[in-house]
Amino acid sequence: MSPGGDRTEVRVLPAGAHALLVELADGDHAEAFHAELLRRRERGALPGVREIVPGARTVLLDGIGPHEKALHGDGHHERTRDGVRNRDKARESASAARDRLARDLVTWVLPPPRHEVRDAVEIPVVYDGPDLAEVAALWGVGVDEVPGLHSRTAFRVAFCGFAPGFGYLTGLPERLHVPRRTTPRTRVPAGALALAGPYTGVYPRPSPGGWQLIGRMVDPAALWDPGREPAALLGPGTRVRFVASEPVPVSRTEPLR
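Just so it is clear, the structure is predicted and the values come from calculations on it, not from any experiment. (Residues numbered from 1 in each chain as written. Predicted model: local features only at pLDDT ≥ 70, side-chain atom pairs only at ≥ 80, totals over all residues. Heavy atoms only, no water.)

On to the pattern of salt bridges, then. Throughout the structure, instances matching the rule amount to nine salt bridges. When the shortest N-O distance is used, the salt bridge between E31 and R156 registers 2.9 Å. In this pair, E31 sits in helix α1 (residues 27-42) while R156 sits in strand β6 (residues 155-160), placing the two residues 125 residues apart along the sequence. Among the residues examined, E31 registers a relative accessible area of 24% and is labelled partly exposed. In this structure, R185 and D131 form a salt bridge, with 2.9 Å as the shortest nitrogen-oxygen distance. Remark: D131 occurs in the loop between β5 (121-126) and α4 (132-139) and R185 occurs in strand β8 (residues 185-188); sequence separation between them is 54 residues. Like D131, R185 is buried. Several salt bridges share partner residues, and in doing so they unite E36, R39 and R40 into one network. (Salt bridge = Lys/Arg side-chain N within 4 Å of Asp/Glu carboxyl O. Helix = DSSP H or I, 4+ residues; strand = E, 2+ residues; numbered from the N terminus. Buried < 20%, exposed > 50% of the residue type's maximum accessible area, 1.4 Å probe, protein only.)

This is how it looks when you write it as structure tokens:
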């Protein structure tokens, strides 16, 4: 399958009794496949799949077949002979549903991806990261040119992972891709704006990390809010634009740290 309608190599692997891991050729194919899954589920043509999780070159389909109650019983009937027999039948049914879907997936011919035209999420950032000079050298530009090159890029969330609220953003041209740091940091602060390979990301919370840090988000708390629906500001498919902001001057009455 391919976004242009031609067939290409795709691997569909079982991931337990109720899930399938679909491996695609690259990120473009994974994005197109994920979009097609969502379209089919919306029109009711993808029954029995509870979770669809995109990755860099994969899409995980989880919860295929009967629900857990059908598989494990209610604790009473499971101890009876009929309960065990019904549980085994439910497991066989789940496995059969998973295998049928696997055979079907490899026959799909995908249309070109159609991106929804939605307003981009604007994220104010200060470009003053500790790796700014190194990134500028890798790009072959002056340090003062990095903010403009980065903020003029139209980004899109390809997938999420690593930590709640962390989106992997694509959009940087290949000439601006940078390697990870040779030695990862043991602690990257929340809100750090970072680059690695083809991706841009913003750390939603303090954590170890090996990406190149070029700036910081003005309000990192907005990335992940469990009290909000959805909790993540950046979900797959979201368009993102970074807005260069000036650092807030430190008041003379505040102690220096």
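Here the focus is the sheet that holds strand β3 (residues 51-54). As summarised here, the arrangement of the four strands in space is β1-β2-β4-β3, forming an open sheet in which the pairing is antiparallel. Here the strands that pair on one side only, and so sit at the sheet edges, are β1 (11-14) and β3. Averaged over all pairs of adjacent strands, the angle between their axes in this sheet comes to 20°, without regard to strand direction. Where α1 meets the sheet, its contacts fall on β2 (20-23), β3 and β4 (58-62), and the angle it forms with β4 comes to roughly 30°. (Pairing = 2+ DSSP bridges. Axes fitted to C-alpha atoms, helices over the stretch in contact; angles between N-to-C directions. Contact = heavy atoms within 4.5 Å.)

Centre distance and the angle of the planes are the two values used to describe a pair of aromatic rings. Applying the stated criterion across every chain yields a total of eleven aromatic pairs. Aromatic pair F159 and Y168: ring centres 4.4 Å apart, planes at 15°, arrangement stacked. Here F159 falls in the buried class, since its relative accessible area comes to 9%. Between F166 and W211, the aromatic rings sit 5.4 Å apart at their centres with planes inclined by 80°, giving edge-to-face as the arrangement. With F166 in the loop between β6 and β7 (167-170) and W211 in the loop between β11 (207-209) and β12 (212-217), this residue pair connects regions lying 45 residues apart in the sequence. The class of F166 is buried, set by a relative accessible area of 1%. Within the aromatic cluster, the residues linked to one another by ring pairs are F159, F162, F166, Y168, Y199, Y203 and W211. (Phe/Tyr/Trp six-rings, centres within 6.5 Å; stacked < 30°, edge-to-face > 60°.)

The next subject is the side chain of E36. Counting through the fold element by element, E36 comes out in helix α1. Classification of E36 as buried rests on a relative accessible area of 6%.

Attention now goes to the confidence of the model for the protein. Do not read the predicted coordinates in detail wherever pLDDT is low. Averaged over all residues, the pLDDT of the protein equals 82, while 80% of them reach at least 70. Across residues 67-74 the pLDDT falls below 50, and counting only partners more than four positions away or on other chains, this stretch makes twelve contacts in the model. In the predicted structure, residues 250-257 sits below a pLDDT of 50 and forms one contact with residues beyond four places in sequence or in another chain. (pLDDT = per-residue confidence, 0-100.)

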